[in-house]
Amino acid sequence: MPAEARGDYFSSVSAGYAEFRPRYPRALLDFVASLPANHHRAWDCGAGSGQATVDLADRFDEVIGSDASAAQLARAPRTPNITWIVAPAESVPIGDHSVDLTTVAQALHWFDHDRFYDEVRRVSAPGAAFAAWAYLSVTMNGELGAILNRYEHGTVGPYWPPERRHVDSAYRTIPFPFERIDAPPIEIEQEWTLTQMAGYLRTWSATIRFVAQHGVDPVVDVERELAE
């Protein structure tokens, strides 16, 4: 699949994505798991390397994790009650009315929304729920935060794909034809080494597009600044 295909900016950095993308807080997974009437099957769409999928497996009898990227799914952990499927979000081999919860973690902005939402309606069982979320920019205090802000909005700022605007708006602008449910405020807090932070920056879609155009790694300079 070409690197610029819908929803697949990340095959080329699948190893880094699996290693450096953060896991989601327990409070978030507990909240979304409380939404459906039943807990037989969940579908985690755009699963990547399974950051959310593996936690859903603790809360549902069966979980299907799907992604358009075979390279991403190859990095996902193997768990007895998880089935991994390489498929675009808009067309998955899942039976009609068989899913109690559909989740999309940090990926909904990449999808063809009308087609994907039709697929959600098709697979959803009675009493099913749908939950999608994204995390915003990294927040750090002092000079570290200033360095990261310059990198995100300056160095790679012009290279963010247009779909990224939905993340910047905390998904307030994303098309959503279903009833919205208020969610509690939830934060991801991480303690990272310099290596982990640099690895995370290298998994950004803007970084990937910068490298593709210029043939150089822009994280090298910001990594040096952070080290100082």
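The following paragraphs examine the structure supplied in this document.

Criteria and thresholds
Residues numbered from 1 in each chain as written. Predicted model: local features only at pLDDT ≥ 70, side-chain atom pairs only at ≥ 80, totals over all residues. Heavy atoms only, no water. Core = buried A, V, L, I, M, F, W, Y, C linked by side-chain atoms within 4.5 Å. Buried < 20%, exposed > 50% of the residue type's maximum accessible area, 1.4 Å probe, protein only. Contact = heavy atoms within 4.5 Å. Phe/Tyr/Trp six-rings, centres within 6.5 Å; stacked < 30°, edge-to-face > 60°. Helix = DSSP H or I, 4+ residues; strand = E, 2+ residues; numbered from the N terminus. Axes fitted to C-alpha atoms, helices over the stretch in contact; angles between N-to-C directions. Parallel < 35°, antiparallel > 145°, perpendicular 65-115°, else oblique. Nonpolar A, V, L, I, M, F, W, Y, C, P; charged D, E, K, R; others polar. Pairing = 2+ DSSP bridges.

### With respect to the nonpolar core
- Within the largest apolar cluster, 40 residues are counted, with the highest numbers of intra-cluster contacts made by Tyr24, Trp133 and Leu201.
- Excluding residues within four positions of it along the chain, Trp133 makes contact with Tyr24, Leu28, Val32, Ala52, Thr103, Val104, Ala105, Gln106 and Tyr171.
- With 22 residues, the next largest nonpolar core counts Cys45, Val104, Val120 and Val167 among its residues.

### Comments concerning the packing of aromatic side chains
- In total, this model carries 17 aromatic pairs according to the counting rule given.
- Where Tyr151 meets Trp204, the ring centres are 5.7 Å apart and the plane angle is 40°; that geometry is what we call tilted. Of the two residues, Tyr151 sits in helix H6 (residues 142-155) while Trp204 sits in the loop between helix H8 (194-201) and helix H9 (205-214), which places them 53 residues apart along the sequence. Of the two residues, Tyr151 and Trp204, both sit in the buried class.
- On the basis of relative accessible area, Trp204 is assigned to the buried category, the value being 6%.

### Quick notes on the packing of H6 against helix H10 (residues 219-227)
- Two elements in contact, H6 and H10, have axes whose closest approach is 10 Å; the angle formed by their N-to-C orientations is 170°. When the interaxial angle is binned, H6 and H10 end up roughly antiparallel. Where H6 abuts H10, its residues Leu144, Ile147, Leu148, Arg150 and Tyr151 lie against Val219, Val222, Glu225 and Leu226.
- When its residues are assigned to classes, the contact of H6 with H10 shows seven nonpolar, no polar and two charged.

### Topic: the sheet that holds strand S2 (residues 62-67)
- The five strands are arranged S3-S2-S1-S4-S5 in an open sheet whose pairing can be described as parallel. The strands lining the two open edges of the sheet, one partner per strand, are strand S3 (82-86) and strand S5 (124-133). Ignoring which end each strand starts from, the neighbouring axes of this sheet average 20° apart.
- Of the strand pairs in this sheet, strand S1 (residues 41-45) and strand S4 (residues 99-105) are connected by three bridges, and their pairing is parallel. Note on S4: the bridge partner recorded for Ala42 is Leu101.
- Against the sheet, helix H5 (residues 113-123) makes contact with S1, S4 and S5, and its axis sits at roughly 145° relative to S5, the strand it touches most.

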